[in-house]
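Chains, contacts and geometry: an overview
What follows is each chain in one-letter form.
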Amino acid sequence: MANEDLIVEIEKYIEADLEASKCDAVIDKLSEALKQNENDSEILTSIRFLLAKTCLKLKYFQQAQYLVEELLLENPFSEDFLALQVKIYEAIRTQGLENQLQQAQKQKEIFNILKYGYQLLKCQAFPLKTHTILSETLFTMGKTQLAQKHLIQALKYDTHNKDLLDNMVSYLQYAPNTESIELFTLAKQYETMAFPNYQEQSLELFDYNPRTHKTRLRLGFVSGDFKRHAIFFCIGHLFPELKKLDLEIFCYCNNPHDDITDIFINQSDQWRDIVNLNDLEAAKLIFQDKIDILIDLSGHTVLNRLGIFSLKPSPIQVSWLGQFGPLGIKNIDYVISDPTLFNKEEQAYYSEKIYTLPNIYASFNKEEGFACDRKIPESPHKKNGFISFGSFTNMIKLNRDCFDLWIKILKSVPDSRLYLKNHALANSDLRIYVSNYFLQKGISQERLILEGASEIRGEYLDCYAKVDICLDSVPVGGYTTNLDVLYMGIPLITLYGNKMHHRTGSSLLKTIGLEELITFSPDGYHRKAIELASNLELLASYKHTIRRKLLESNLFKTNQFAHDFANAVRDMWRTFVNDYTKQT
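To start, this report covers the structure provided alongside it. Predicted model, so just to flag it, every value in this text is computed and none were measured.

For the rest of this paragraph, the subject is the overall build of the protein. Assigned secondary structure in the protein consists of 25 helices and 13 strands. Considered along the principal axes of its C-alpha atoms, the protein spans approximately 95 × 70 × 40 Å. Sorting the 584 residues of the protein into buried and exposed places 55% on the buried side. Of all intrachain contacts in the protein linking residues separated by at least 6 positions in sequence, the fraction that spans at least 24 positions is 69%.

See below:
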């Protein structure tokens, strides 16, 4: 065999092993080739060159560097050897940057993540990983639109990556200027990209005949949040009430267990852990369980199992609590809403039918986080001599438009303060970023209090003693956090927006009879903040009425909500049976 043919042959079987990740086999084959051709200097040089390239591919940089230096001693002017040496040096540099990026990510050093991430992009190295890390970091900073741009780039390298696609829908939902048609279009694309061929599988696998159904409806709840999570406040008390109304409760859990998980287990009729099941396996289990109505509680959040819903193992499928916007799953029939959250013009931007409950979106229990063991504090302005605004909502809802509106309020209320508290602000880099942004806009650091979250609920609620007026995030408002605000007797100013997830604060305020705190434009929001800050008598009266209004409202009438919910699922079932009968 000619020398050239031998080298080509070696390259072929090495490439095959590299593709199969058989790194040791590659090195063994090259070492064997060296031994077999030790008397042919030309072939030895070619094999050593090939071995150096292979070590580079396998990221054995020290060995690659040693081999190429040996080759250059023999032929210091070889363009191939010199080019390989440059590649090795570049690879060592980019590997160093990747290690620094990983370390920065581990330590949550935001500024270093941005520094090393953008350096790696200049090197055109590890683009999928780098764009993903940058998108997550920028989203945490509230830079939603820039985070989206990096996600779009990441998806070019992994088109069907479900986690990236979930993030894409979530980011667009939180972006301040997203049009409904944009969100709807992306949601529709999501299923095709994340779960190709799932719908065809569902048609082959699952067939339902309601005529064989028993009188007792069987509900299946799917979630990655059956744990210490905000969802517990919404449904931790609901399952026992639904069981009293002759509904069976099956839970499909996609999260590790904690102490709260045990409560859910005890409240359900049947419990299924699906963490280790793929979508098809979980869907088959649900179908075997003969679930009549399957309810998603996670939306596009982490640990969701939307792939199961794409397969449609249940005749009726519903979205509730996990996400207020469209999910993009054709086989989800309904998304639950309430009279304030629902706007009939929005139906055009949902593939799901919006089902409006008669009173409220969700109910809460006084014994689960809202037992009156926390006294309503005095308004801090009495001691401080200035008004303190506050927001404890998630950092991802605090974009620059929101900050600019709050800065305008701070400038309009002399010597006022702003107290921000959430999990993300435990990060010192993020606190510096927020402080600097406000400083650039003319608000000194002395007028800001920035804190990380308090893990103990009682300590967290006590922090509201530092707040006179709470400002809802704009445009995406809070929900359970806003409930805490009202529970602590603090007035909440919210902006009624043009999407369902922009009206969560409005839903709460209307339910407890505080419509006067709902505003309908940024200017109205600004005026309301000034009006409240200048009316200390009104602030004092709110302290005596808000908690009472809250606890006496429909939000805490669990029994009534359970009846409304039971009537809703039975109505969905009747509609399905009638449609099925007409078709057959």
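Having seen the model, we can carry on.
Moving on, we get to the side chain of glutamate 191. Summarising the element assignment, glutamate 191 is placed in helix α10 (residues 180-194). Lysine 330 provides the closest opposite charge to the buried, unpaired glutamate 191, separated from it by 5.6 Å. Separated by 2.6 Å, the side chains of glutamate 191 and serine 310 make a polar contact. Here lysine 330 takes part through its backbone nitrogen, which lies 2.9 Å from a polar atom of the side chain of glutamate 191.

Glancing now at the environment of leucine 164. Checked against the element boundaries, leucine 164 lands in helix α9 (residues 162-174). On the basis of relative accessible area, leucine 164 is assigned to the buried category, the value being 4%. The contact partners of leucine 164, leaving out residues within four places of it in the chain, are Leu128, Thr132, Leu151, Ala154, Leu155 and Asp158.

Further remarks concern unusual backbone geometry. With omega at 0 degrees, the peptide bond leading from valine 474 into proline 475 counts as cis. By the secondary structure assignment, proline 475 is in the loop between β11 (469-471) and α21 (480-487). One non-glycine residue, lysine 312, lies in positive phi territory at about 55 degrees. Mapped onto the elements, lysine 312 comes out in the loop between α16 (306-311) and β5 (316-319).

Between two packed helices, the angle of one axis relative to the other and the distance separating the axes together describe the packing. Look at helix α7 (residues 127-140) against helix α8 (residues 144-157): their axes get within 8 Å of each other, and the N-to-C directions meet at 160 degrees. Relative to α8, the element α7 is oriented roughly antiparallel. Crossing geometry of α7 relative to α8 is assigned as left-handed. Facing Pro127, Leu128, His131, Thr132, Leu134, Ser135, Leu138 and Phe139 of α7, the residues of α8 in contact are Thr144, Leu146, Ala147, His150, Leu151, Gln153, Ala154 and Tyr157. Of the residues belonging to the contact of α7 with α8, the class tally is 10 nonpolar, 6 polar and no charged.

Turning next to the sheet that holds strand β7 (residues 353-356). Pairing is parallel across the open sheet formed by 7 strands, whose spatial order is β3-β2-β1-β4-β5-β6-β7. Two strands close off the open sheet at either side, each with one partner strand: β3 (270-273) and β7. The sheet shows a mean angle of 25 degrees between the axes of neighbouring strands, taken without regard to direction. As paired strands, strand β2 (residues 248-253) and β3 are joined by 4 bridges and run parallel to one another. Opposite phenylalanine 250, over in β3, you have glutamine 270 as the bridge partner.

This part is about the sheet that holds strand β10 (residues 448-451). Taken together, 6 strands build an open sheet; the order of strands is β10-β9-β8-β11-β12-β13 and the sheet is parallel. Since the sheet does not close on itself, it has two edges, and those belong to β10 and β13 (518-519), each with one partner. In terms of strand pairing, β11 meets strand β12 (residues 492-495) through 2 bridges, oriented parallel. Across the sheet, the residue bridging to cysteine 470 is leucine 492, located in β12.

Structurally, tyrosine 171 is set in helix α9. In this structure tyrosine 171 comes out as buried when scored by relative accessible area, which is 3%. A sequence separation of 29 residues divides tyrosine 171 from glycine 142, and the C-alpha atoms of the two residues are 9.8 Å apart. Filtering out sequence-adjacent residues up to four positions away, tyrosine 171 remains in contact with Ser135, Glu136, Phe139, Thr144, Ala147, Gln148 and Leu151.

Attention shifts here to the pattern of salt bridges. Under the criterion given, the structure shown has 22 salt bridges. Aspartate 225 is the salt-bridge partner of lysine 227, the closest N and O atoms lying 4.0 Å from each other. With a relative accessible area of 6%, aspartate 225 lands in the buried category. Residue aspartate 289 pairs with arginine 272 through a salt bridge whose shortest N-O separation is 3.0 Å. Note that aspartate 289 is positioned in the loop between α15 (279-288) and β4 (293-296) and arginine 272 in strand β3, a separation of 17 residues in sequence. For aspartate 289, a relative accessible area of 9% translates into the label buried. Three or more residues are tied together by salt bridges with common partners; here these are Lys421, Glu451 and Lys466.

Cut-offs used in this document
Residues numbered from 1 in each chain as written. Predicted model: local features only at pLDDT ≥ 70, side-chain atom pairs only at ≥ 80, totals over all residues. Heavy atoms only, no water. Helix = DSSP H or I, 4+ residues; strand = E, 2+ residues; numbered from the N terminus. Buried < 20%, exposed > 50% of the residue type's maximum accessible area, 1.4 Å probe, protein only. Contact = heavy atoms within 4.5 Å. Lys, Arg positive; Asp, Glu negative; His and termini not counted. Salt bridge = Lys/Arg side-chain N within 4 Å of Asp/Glu carboxyl O. Polar contact = N/O pair within 3.5 Å; in protein donor to acceptor, adjacent residues only side chain to side chain. Axes fitted to C-alpha atoms, helices over the stretch in contact; angles between N-to-C directions. Parallel < 35°, antiparallel > 145°, perpendicular 65-115°, else oblique. Left-handed = near helix turned anticlockwise from the far one by under 90°. Nonpolar A, V, L, I, M, F, W, Y, C, P; charged D, E, K, R; others polar. Pairing = 2+ DSSP bridges.

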